[in-house]
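Fold and contact review
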Amino acid sequence: MWVVPESEIFTMGLWSISIGAFGAAVAGIILANTDYFLPTTDKATVEYLEETDLKPLSDESKTFKAKDLWKKTGAVIMAVRRPGCFLCREEASEISQLKPELDQLGVPLYGVVKENIATEIEAFEPYFKGDIFLDEKKRFYGPQRRKMMLMGFIRLGVWQNFRRAWKAGYEGNLEGEGFILGGLFVIGSGNQGILLEHREKEFGDKANLTAVLEAAKKINRKTEVH
């Protein structure tokens, strides 16, 4: 009768564990690169967003309701994930390329941030050509706040976004909260509501500029506000 030595059994056991761990890791990476585990949220409503308390960065003792930004002219509003992030700076720069056409349409461009630390906003302003306001309660990042944690760093799309922004010459830092995902809204005047809502699904996921401009063209600046 042939007997397998204990040392070989031990070695086979280690190999089995290693193969199992490797398979689990591969499966995890594959799943992380699908949309199955991406954070989701209900679509925002204009009724929800308009009650957001915003603060001018020049005087944070003042507060106004977000609806003042768009009730007469509509607006394009970028919810910035993190001003120091080079991916956010890339998107801000590209959105700002639309400003001449938005100005012709009479539609303002705004940004909201969730925190104002050190000189981060000042360093962000060269990339973004609109006024920026503080949304301390992070309502523009809801209704359910979506986070991408370390899983984001094993997504192929994120690394492709890193490479794209890096090749374009964008630089950044690690200051501030950067896991709560941002987005972009095109909001109509009066009672038109939200004409476009883009939610960042992963780091560096940008809104489509053509879609943003087309939505802005639908804004009716003659809508009466009661």
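Each remark here, short or long, concerns the structure printed above.
Figured I'd write up the structure that's included with this text. What you see is a predicted model; the values in this text were computed from it and never measured.

Rules of the game
The residue numbers shown here count from 1 along each chain, following its written sequence. Whole-chain, interface and lining totals are the exception, using all residues; otherwise, since this is a predicted model, local features are given only for residues with pLDDT of at least 70 and side-chain atom pairs are given and counted only at 80 or more. With hydrogens and water excluded, all non-hydrogen atoms of the structure serve as input to the side-chain values. The way it works is that DSSP assigns letters per residue, a run of H or I at least four long becomes a helix, a run of E at least two long becomes a strand, and they are numbered from the N terminus. Throughout this description, buried means an accessible area under 20% of the type-specific maximum (1.4 Å probe, protein chains only), exposed means over 50%, and partly exposed covers the range between. In what follows, a contact means two residues having at least one pair of non-hydrogen atoms within 4.5 Å. What makes two strands pair is DSSP finding at least two bridges between them. Between N-to-C directions, angles cover 0 to 180 degrees, with each direction set by a line fitted to C-alpha atoms, over the stretch in contact for helices. Residue types Ala, Val, Leu, Ile, Met, Phe, Trp, Tyr and Cys, when buried and joined through side-chain atoms within 4.5 Å, form a set referred to as a nonpolar core. Basic side-chain nitrogens of Lys or Arg form a salt bridge, by our definition, when they fall within 4 Å of a carboxyl oxygen of Asp or Glu. By convention, a stacked pair of Phe, Tyr or Trp rings (six-membered ring in the case of Trp) has centres within 6.5 Å and planes under 30 degrees apart, an edge-to-face pair has planes over 60 apart, and any other such pair is tilted. A helix is expected to span 1.5 Å multiplied by its residue count minus one. The directions considered for the arc are those from the helix axis to the C-beta atoms.

Section: the overall build of the protein chain
Broken down by element type, the protein chain carries seven helices and seven strands. Ordering the α and β elements of the protein chain from the N terminus gives α-α-β-β-β-α-α-β-α-β-α-β-β-α. When each of the 226 residues of the protein chain is scored for burial, the buried share is 42%. Sequence-distant contacts, at least 24 apart, represent 73% of the contacts inside the protein chain between residues at least 6 apart.

Here we look at the pairing of strand β7 (residues 194–199)
As paired strands, strand β6 (residues 183–187) and β7 are joined by five bridges and run antiparallel to one another. Paired with Val 186 across the two strands is Leu 196, which belongs to β7. Hairpin remark: β6 followed by β7, antiparallel, with six residues in the connecting loop; positive phi at Gly 190, about 55°.

Quick word on the sheet that holds strand β2 (residues 64–65)
If you trace the seven strands from one edge of the open sheet to the other, you get β2-β1-β5-β4-β3-β6-β7, paired in mixed fashion. Unpaired on one side and paired on the other, β2 and β7 mark the two borders of the sheet. Where helix α3 (residues 86–96) meets the sheet, its contacts fall on β3 (75–79), β4 (109–113) and β6, and the angle it forms with β3 comes to roughly 170°.

Comments concerning the nonpolar core
Val 76, Leu 87, Leu 102, Phe 128, Leu 184, Val 186 and Val 212 are the most contacted members of the largest nonpolar core, which has 35 residues in total. Not counting residues within four places of it along the chain, the set of residues in contact with Val 212 comprises Val 76, Leu 98, Leu 184, Val 186, Leu 196 and Ala 207.

Thoughts on the pattern of salt bridges
For the coordinates displayed, the defined rule picks out 15 salt bridges. Between Glu 136 and Lys 55 there is a salt bridge; the shortest N-O distance is 3.0 Å. In this pair, Glu 136 is assigned in the loop between β5 (131–134) and α6 (156–167) and Lys 55 in strand β1 (residues 53–56), connecting sequence segments 81 residues apart. Given a relative accessible area of 42%, Glu 136 falls into the partly exposed group. Put simply, Glu 51, Asp 53, Lys 65 and Lys 67 are held in one network by salt bridges that share partners.

Quick notes on the packing of aromatic side chains
What describes a pair of aromatic rings is the distance from one ring centre to the other and the angle between the planes of the rings. All chains considered together, the criterion is met by seven aromatic pairs. Ring centres 5.8 Å apart and planes at 75° place the aromatic pair Phe 140 and Phe 185 in the edge-to-face group. Placement of the pair is Phe 140 in the loop between β5 and α6 and Phe 185 in strand β6, with a sequence separation of 45 residues. By the burial criterion, Phe 140 is buried, and Phe 185 matches it. One aromatic cluster is present, built from ring pairs that chain together Phe 64, Tyr 110 and Phe 133.

A short note on the environment of Leu 195
Here Leu 195 lies in strand β7. Residue Leu 195 is classed as partly exposed on the basis of its relative accessible area, which comes to 31%. Dropping the residues within four chain positions of it, Leu 195 is found in contact with Val 186, Ile 187, Gly 188, Ala 215, Lys 218 and Ile 219.

Let's talk about α6
With 12 residues, α6 extends 16 Å from end C-alpha to end C-alpha; this agrees with the ideal 16 Å at 1.5 Å per step. What α6 keeps buried is the set Gly 157, Val 158, Asn 161, Phe 162 and Ala 165. Seen along its axis, α6 keeps its buried residues to an arc of 145°; they face one direction. Facing away from the buried surface of α6 by more than 90 degrees, the exposed residues are Leu 156, Arg 163, Trp 166 and Lys 167. The secondary structure elements touched by the buried residues of α6 are α3. Phi for Gly 169, located one or two positions after α6, is positive at around 95°.

What to know about unusual backbone geometry
Backbone torsion omega between Gly 142 and Pro 143 reads 15°, so that peptide bond is classified as cis. Non-glycine residue Ala 118 carries a positive phi angle of around 45°. Considering the arrangement of structural elements, one finds Ala 118 in the loop between β4 and α5 (120–124). With a phi angle near 60°, Lys 138 is a residue other than glycine that sits in the positive phi range. Here Lys 138 is to be found in the loop between β5 and α6.

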